[in-house]
Amino acid sequence: MKIPFFRFDEMHGPLRADLVAAATRVIDSGYYILGPEVQAFEKAFATYCEVDHAVGVGNGLEALHLALRALGIGAGDEVIVPSNTYIATLLAVSYTGATPVLVEPRSDTANLNPEGLEAALTSRTRAIIPVHLYGQACEMVPIMAFADRHGLKVIEDNAQSQGATCAGRKTGSWGHLNATSFYPGKNIGALGDGGAVTIHDRDLAEQVRRWRNYGSAVKYYNEVQGYNSRLDEIQAALLAIKLQELDAWNRERQRLAAVYHRSLSGVGDLRLPKIAPGCSSVYHLFPIRSDQRDALQQYLLAGGVGTLIHYPVPPHLQKAYAGQGWRKGQFPIAEDHAKTLLSLPLFPGLREEEQAEVIRLIQSFFA
Ligand SMILES: Cc1ncc(COP(=O)(O)O)c(C=O)c1O
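Fair warning: this is a prediction, and the values are worked out from it, not measured in the lab. (Residues numbered from 1 in each chain as written. Predicted model: local features only at pLDDT ≥ 70, side-chain atom pairs only at ≥ 80, totals over all residues.)

S.K.: How would you summarise the domain arrangement of the protein if you had to cite specific residues and measurements?
M.R.: Under the domain assignment, the protein is made up of domain 1 (9–243) and domain 2 (246–366). Taken together, the contact pairs 35 residues of domain 1 with 29 residues of domain 2. Of all elements in the fold, only α1 (9–12), α5 (87–95), β6 (165–166) and α9 (233–243) reach the threshold of two or more residues within the side of domain 1 that touches domain 2. Tallying contributions element by element places α1 first for the side of domain 1 that touches domain 2, with three residues. The class makeup of the residues in the side of domain 1 that touches domain 2 is 14 nonpolar, 14 polar and seven charged. (Domains from an automatic or database assignment. Contact = placed C-beta atoms within 7 Å. Helix = DSSP H or I, 4+ residues; strand = E, 2+ residues; numbered from the N terminus. Nonpolar A, V, L, I, M, F, W, Y, C, P; charged D, E, K, R; others polar.)

Written out as structure tokens, the structure reads:
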């Protein structure tokens, strides 16, 4: 049996006629950029995230970057980010001229450890970017309390966790400005690139609208040297359809995760994802950890199962950041995760017999 790491068929199949009708409507409208589809989706997504404003942008990296720009963060500033995040979180900081400062995650949840924030604080610290990694909400209560105490801004990186909650409150609604990605494989993905910034404050929302559109609120009048980073009409129309399925898809992800938890706990040396008290996960991924990760991945591959590593090289050891002065061994939890972590197939539409086969192979590997 071939079991892919991810497949769109069961998500897009039942929606195909609606998706085609929406795309056709946009094609026929003759209106392709910043029109009624983007407006309608922004409204629906803001409601979903429990904020007043959502601003559609080109992708998740730009959502982070424009959020930082709207806060005026730039050269000379420091921004705290987790040491085990996807590189986009750091790139967004670097784009502004600010310096990313790394804080380790908790090993068991893989999310930013609030207890590590104090040691990273300097007179230059301006903001924290908690990343809700792999689908799980960060411990936002202590993170927000720390930020408030020190006058810092918070920008959630909600690329992987649309719909998760902490203390009953949605991710993407805690920070001053919050970024998400609609990369196709995300819990809600476009059929191409897309992203959004979710915001409570009206003025900050207006700032992001300017930054995404040449620094302009009124056509041909430019207040800042902005960017061109806009969500397309066609993607907004498709996302509006997929948004209606997001909660059901997330529930299915949680059900599949519960099956993995039940079947794999205590197997070999496996460490399964742990959920922090008061937090929920929408299981964008199901990352397990094992000291025999590479052999296990090969074994699963030979058995027809696709897996991925999120991520094989932590940001501080990436060539792109060689000039930053970070060294091997400096962020041992991030390095340990890069060596031991393996993401299993988990997506709405993964069939019972497919998941059973993944579990059977893992059990037989350790038997
Ligand atoms: C944690 C995280 N942040 C940011 C991004 C950037 O999103 P995008 O690929 O849409 O630029 C991604 C996804 O790729 C991500 O996983």
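S.K.: How would you explain the packing of helix α3 (residues 36–49) against α9 if you had to name every residue and give the values?
M.R.: Between α3 and α9, the shortest axis-to-axis distance is 8 Å and the interhelical angle comes to 35°. Crossing angle aside, the handedness with which α3 passes α9 is left-handed. Between α3, through E37, V38, A40, F41, A44, F45 and Y48, and α9, the contact on the second element is made entirely by E233, A236, A237, L239, A240 and L243. For the contact of α3 with α9, the per-class residue count stands at eleven nonpolar, no polar and two charged. (Axes fitted to C-alpha atoms, helices over the stretch in contact; angles between N-to-C directions. Left-handed = near helix turned anticlockwise from the far one by under 90°.)

S.K.: Describe α3, with residues and values.
M.R.: If you check α3, its first and last C-alpha atoms are 20 Å apart, about what 14 residues at 1.5 Å a residue would give, namely 20 Å. Along α3, the residues that are buried comprise E37, V38, F41, E42, F45, A46, Y48 and C49. The buried residues of α3 occupy an angular sector of 155° when the element is viewed end-on, so they sit on one face. (Expected span 1.5 Å × (residues − 1). Buried ≥ 20, exposed ≤ 12 C-beta atoms within 10 Å, placed from the backbone. Arc of directions from axis to C-beta.)

S.K.: Just give me the short version of the site of the ligand, but keep the residues and values in it.
M.R.: Taken together, 14 residues are adjacent to the ligand, and N59, G60, A88, A159 and S181 come closest. Of all elements in the fold, only α4 (60–70) and α5 reach the threshold of two or more residues within the shell around the ligand. Tallied by class, residues from the shell around the ligand come to six nonpolar, seven polar and one charged. (Near = placed C-beta within 6 Å.)

S.K.: Which residues make up the environment of A179, and what are the values?
M.R.: Here A179 is to be found in strand β8 (residues 177–181). By C-beta crowding, A179 is classed as buried, having 32 other C-beta atoms within 10 Å. Along the sequence, A179 and A367 sit 188 residues apart, while their C-alpha atoms lie 43 Å from each other.

S.K.: I'd like to hear about the sheet that holds strand β4 (residues 125–128), residue by residue, with values.
M.R.: Taken in spatial order, the seven strands line up as β1-β9-β8-β5-β4-β2-β3 in an open sheet, and their pairing is mixed. Two strands lie at the open edges of the sheet, namely β1 (53–57) and β3 (99–103), each paired on one side alone. Between one strand axis and the next, the sheet turns by 25° as a mean value, whatever way the strands run. As defined by bridge partners, strand β2 (residues 78–82) adjoins β4 across three bridges and the pair is classed as parallel. By the bridge assignment, V79 is partnered in β4 with A127. Sitting on the sheet, α5 touches β2, β3 and β5 (153–157), and the angle it makes with β2 is about 175°. (Pairing = 2+ DSSP bridges.)

S.K.: Hey, could you go over α4 for me, with residue numbers and the actual values?
M.R.: When you tally the buried positions in α4, you get eleven out of eleven residues, the bulk of the element. Next to the buried residues of α4 lie β1, α5, β5, β8, β9 (195–199) and α8 (202–212). Once α4 finishes, G72 follows within two positions and takes phi at roughly 75°, a positive value.

S.K.: Which residues make up the nonpolar core, and what values do they have?
M.R.: Counting 93 residues, the largest nonpolar core has A67, V197 and V208 as the members making the most contacts within it. Lining this core are residues from two domains, each supplying at least three of them: domain 1 (9–243) and domain 2 (246–366). In this view, V208 contacts V55, L66, A67, A70, L177, V197 and I199; residues no more than four positions away in its chain are not counted. (Core = buried A, V, L, I, M, F, W, Y, C linked by C-beta atoms within 7 Å.)

S.K.: Which residues make up the environment of Q318, and what values do they have?
M.R.: Among the secondary structure elements, Q318 is positioned in the loop between α11 (293–302) and α12 (332–340). A sequence separation of 129 residues divides Q318 from G189, and the C-alpha atoms of the two residues are 27 Å apart.

S.K.: Please give an account of the pairing of β1 that cites residues and values.
M.R.: The buried count for β1 comes to five of five residues, which makes it a mostly enclosed element. Pairing of β1 with β9 involves five bridges; the strand directions are antiparallel. In the sheet register, V55 faces β9, and the bridge partner there is V197.

S.K.: Kindly report on the environment of P287, identifying the contributing residues and their values.
M.R.: By the secondary structure assignment, P287 is in strand β12 (residues 286–289). On a C-alpha basis, the gap between P287 and L344 in space is 6.4 Å, while along the polypeptide they are 57 residues apart. Ignoring anything within four residues of it in the chain, the contact list for P287 reads A110, Y134, P273, H310, L341, L342 and S343.

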